[in-house]
Amino acid sequence: MTRFGQLFNLLGLFMALLEILHFPDQRLRKKATAVTEITAKIRQLAEDMLETMYDAPGVGLAANQVNVQKRLVVIDVSEDKSSPLIFINPEIINKQGEREHEEGCLSVPEAYELVTRADTVRVKALDLDGVAFELDADELLATCIQHEIDHLDGKLFVDYISNLKRQRIKKRLEKQFKQQR
Ligand code: GNR
Ligand code: NI
């Protein structure tokens, strides 16, 4: 987060916690569209998404999860929440190997399952100034980037597990979120 972001966060001003959609909400299935202009609204969204992710807490968040169908992702896999990353229109330009990693998702609370993905990835994206950058990722960051780009394409980690497991999770969450309303 920027210095200003951190300051505002400490003061508890101007930033907002966004509501996270939950599986099986169909809005999570919409494909997000490219960000064509980095406006003040997009910058505000990125800040709010970071705050929402840290509050949850989670290591990543895609705009679809907060009901904005734009290709924007925030990630911070650091121990001390000191390394926020913002990816606009991210694309994986190279993947290598395979690795199984236990995944969870803020849109699928309390479900953790093994998913096989590429071991390392090279990702290309724009930063908040519209400047293109590339990043090599491994370990949790590699998993997280692939998980978030899936969100932008309307895909969830539960799509990779058995139908039986997915149906069980769906039933539990439908019940849980009906009770809360
Ligand atoms: O917080 C999260 N943890 C996580 C752990 C393993 C693999 C992927 C993730 S991403 C998740 C946050 C989230 O739902 N992002 O979309
Ligand atoms: Ni997720």
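Residues numbered from 1 in each chain as written. Chains lettered and ligands numbered in written order. Predicted model: local features only at pLDDT ≥ 70, side-chain atom pairs only at ≥ 80, totals over all residues. Heavy atoms only, no water.

1. Regarding the sheet that holds strand β6 (residues 120-126)
Item 1. Taken in spatial order, the five strands line up as β1-β2-β3-β6-β7 in an open sheet, and their pairing is antiparallel. Sheet topology places β1 (60-62) and β7 (132-137) at the edges, where each strand pairs with a single neighbour. In this sheet, neighbouring strand axes are inclined to one another by 35° on average, regardless of whether the strands run parallel or antiparallel.
Item 2. Across six bridges, β6 lies against β7 in antiparallel orientation. Each residue of the ladder has a partner; that of A125, found in β7, is F133.
Item 3. The sheet strands contacting helix α2 (residues 40-55) are β1, β2 (72-75) and β3 (85-96), and the helix crosses β2 at an angle near 40°.
Item 4. Across the face of the sheet, helix α3 (residues 139-152) comes into contact with β1, β2, β3, β6 and β7 while running at roughly 110° to β3. (Pairing = 2+ DSSP bridges. Helix = DSSP H or I, 4+ residues; strand = E, 2+ residues; numbered from the N terminus. Axes fitted to C-alpha atoms, helices over the stretch in contact; angles between N-to-C directions. Contact = heavy atoms within 4.5 Å.)

2. A word on the coordination of the nickel ion (ligand 2)
Item 1. Within the first shell, the nickel ion (ligand 2) binds the protein through C105 (SG), H147 (NE2) and H151 (NE2), at distances of 2.1 to 2.3 Å.
Item 2. Donor residues for the nickel ion (ligand 2) sit on one chain with the sequence pattern C-x41-H-x3-H. Of this pair, H147 and H151 both sit in helix α3, four residues apart, which is roughly one turn of that helix. Each member of the pair H147 and H151 is classed as buried. (Donors = N, O, S within 2.8 Å, 3.2 Å for Na, K, Ca; no water. Buried < 20%, exposed > 50% of the residue type's maximum accessible area, 1.4 Å probe, protein only.)

3. Considering empty space enclosed by the protein
Item 1. One pass over the full model with this rule turns up one cavity of 30 Å³ or more.
Item 2. The wall of the largest cavity is formed by V73, I75, F87, P90, V123, I145, E148 and I149.
Item 3. Secondary-structure elements contributing two or more residues to the lining of the largest cavity are β2, β3 and α3.
Item 4. Among the elements that line the lining of the largest cavity, the one with the most residues is α3, at three residues.
Item 5. For the lining of the largest cavity, the class distribution of residues is seven nonpolar, no polar and one charged. (1 Å grid on protein atoms, 1.4 Å probe; cavity = no way out; pocket = protein on both sides within 12 Å on 5 of 7 lines; lining within 4 Å. Points joined across faces, edges and corners; volume = space filled by probe spheres on them. Nonpolar A, V, L, I, M, F, W, Y, C, P; charged D, E, K, R; others polar.)

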